[in-house]
Amino acid sequence: MNTVVTTAGRTNKEFILKAKEISINLNLPYYERKKKSVSTIQNEQQANVLVVNKERLELYTYGSTSPFFFHPNSAAFRIKRLLQGEQDSFLESVRLEKGDCFLDTTAGLCSDSIIASYAVGDLGVVHACEKERMIAYMVDEGLRNYETRNEALLKSMRHIDLIHQNAVDYMKTVASNFYDVVYLDPMFEEVIEESSNFQVLRAVGAHDSLTDEWVEEAKRLARKRVVLKAHFRSNLFDKFGFEREIRLSSKFHYGIIELL
Ligand SMILES: C[S@@+](CC[C@H](N)C(=O)[O-])C[C@H]1O[C@@H](n2cnc3c(N)ncnc32)[C@H](O)[C@@H]1O
């Protein structure tokens, strides 16, 4: 489906220019808002609508009134808990150390990558692949421009390199053992209750199934371990040889392939 780029209903010259610039960057048509509602534009253009407003970019997929936007909500909350000395189940599974190189093959909103970035610190590397162009663009924009007084969160967001590419295609271009840990968080086959922005991510994101090639490339690139996140009832752990870490209180589990 096509996407058009427009501004908020009330806007100014700066944001009209910004919307036009984004439409050029994404090679999408610019649509003059003229105070029309998003749903009117969706119907008139038979398209998704990307709204450029002061605070953020919002993508309204065709027929939807809940936008997709970048927000580091859950990462902010998790970093606060880590700063208070609490554990994070993702970090317990990936076991990153300061200075490690981490590849996230399924960036999404980058909540996990932000936590990985916090863990590896200034000397570490975090690369995150996202296949869907609109998600990649909006999340990259958010990681670079989202403002917060939480220094740890800010540094962690700015330190991530987002790669807009199919992860398997990207991995084929990278030398063996380049990363310490490679992470896989494909869309769950079974839906669990999620925050509303994750629900919208589910609608906008790619639903690629994990393949032998995906896991083999991850194993070739990772020096220490490959980590998979999946629903607790998923057969992916057994199918691809991941050792599952059982977490009785959680609907999702992590599976590990240790390589050292
Ligand atoms: C479940 S979400 C990941 C959520 C992420 N861990 C986070 O913390 O926000 C999966 C994401 O991977 C993307 N994706 C699916 N298949 C992909 C592929 N082959 N290469 C790169 N990204 C992919 C989807 O578009 C979606 O954004």
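Every value quoted in this text rests on a predicted model; they were computed, and no experiment measured them.

## Brief notes about the packing of helix α5 (residues 111-120) against helix α7 (residues 151-158)
Interaxial distance between α5 and α7 falls to 8 Å at its minimum, and their mutual angle equals 105°. The angle between α5 and α7 falls in the class roughly perpendicular. Contacts between α5 and α7 involve I114, S117 and Y118 on the former and, on the latter, A152, L153, K155, S156 and M157. Split into classes, the residues belonging to the contact of α5 with α7 amount to five nonpolar, two polar and one charged.

## Regarding the site of the ligand
Inspection of the region around the ligand gives 24 residues, with L109, E130, A167, D185 and A206 positioned closest. Measuring from a nitrogen atom of the ligand, one finds a side-chain N or O atom of N166 at 3.4 Å. Here D208 contributes a side-chain N or O atom positioned 3.0 Å from a nitrogen atom of the ligand. Contact with the protein chains removes 96% of the 600 Å² of surface that the ligand exposes when unbound. Of all the secondary-structure elements, those providing two or more residues to the shell around the ligand are α5, β5 (125-130) and α9 (196-204). Tallied by class, the residues present in the shell around the ligand amount to eleven nonpolar, seven polar and six charged.

## Concerning the pattern of salt bridges
Between side chains of opposite charge, a pair can form as their charged atoms come close. Evaluation of the coordinates by the stated rule reveals 18 salt bridges. For the salt bridge of R78 with D112, the shortest nitrogen-to-oxygen distance reads 2.9 Å. With R78 in helix α3 (residues 73-83) and D112 in helix α5, this pair connects stretches of sequence that are 34 residues apart. On the basis of relative accessible area, R78 is assigned to the buried category, the value being 13%. We classify D112 as buried; its relative accessible area is 10%. Each of the salt bridges in this network shares a partner with another, and the network as a whole consists of R78, D88 and D112.

## Thoughts on the sheet that holds strand β8 (residues 222-231)
One key point about sheets: their strands pair by backbone hydrogen bonds, in either a parallel or an antiparallel sense. On the basis of which strands lie adjacent, the open sheet formed by seven strands has the order β6-β5-β4-β7-β8-β10-β9 and mixed pairing. Looking at which strands have only one partner, the edges of the open sheet turn out to be β6 (160-164) and β9 (243-245). Ignoring which end each strand starts from, the neighbouring axes of this sheet average 20° apart. With five bridges joining them, β5 and β6 adopt parallel strand pairing. The residue of β6 that forms the bridge with V126 is I160. Packed onto the sheet, helix α6 (residues 133-145) meets β5 and β6 and runs at close to 160° relative to β6.

## A closer look at unusual backbone geometry
Located in the positive-phi region is K35, a residue other than glycine, with phi close to 60°. Relative to the helices and strands, K35 resides in the loop between α1 (13-25) and α2 (38-45). Phi angles above zero are rare outside glycine, and N177 is one such case at about 60°. Within the secondary structure, N177 is located in the loop between α8 (167-171) and β7 (179-184).

Conventions and cut-offs
Throughout, a residue's number is its position along its own chain's written sequence, starting from 1. This being a predicted model, a pLDDT of at least 70 is required before a residue's local features are given, and a value of 80 or more before pairs of side-chain atoms are given or counted; all residues contribute to the totals for chains, interfaces and linings. Remark: hydrogens and water are excluded; side-chain values derive from all non-hydrogen atoms of the structure. Note on geometry: axes are lines fitted to C-alpha atoms, helical ones only across the stretch in contact, with angles between N-to-C directions running from 0 to 180 degrees. Starting at the N terminus, helices and strands are each numbered in turn, a helix being any DSSP run of H or I of at least four residues and a strand any DSSP run of E of at least two. Any angle that is under 35 degrees is reported as roughly parallel, and any over 145 degrees as roughly antiparallel; angles of 65 to 115 degrees are reported as roughly perpendicular and all others as oblique. Any two residues having at least one pair of non-hydrogen atoms within 4.5 Å are treated as being in contact. Lys, Arg, Asp and Glu make up the charged group, whereas Ala, Val, Leu, Ile, Met, Phe, Trp, Tyr, Cys and Pro make up the nonpolar group; the residues left over, Gly among them, are polar. A cutoff of 4 Å decides nearness: a residue is near a molecule or strand if any of its heavy atoms lies inside that distance of it. For this analysis, a polar contact is any N or O atom pair within 3.5 Å, provided that within protein one partner can donate a hydrogen and the other can accept it, and provided that sequence-adjacent residues contribute only side-chain to side-chain pairs. What sets the accessible areas is the Shrake-Rupley method with a 1.4 Å probe; for residues, cover comes only from the shown protein chains. Any Lys or Arg side-chain nitrogen located within 4 Å of an Asp or Glu carboxyl oxygen qualifies as a salt bridge. Burial classes: relative accessible area under 20% of the type maximum marks a residue as buried, over 50% as exposed, and values in between as partly exposed (1.4 Å probe, protein chains only). Note: two strands are recorded as paired if DSSP finds a minimum of 2 bridges between them.

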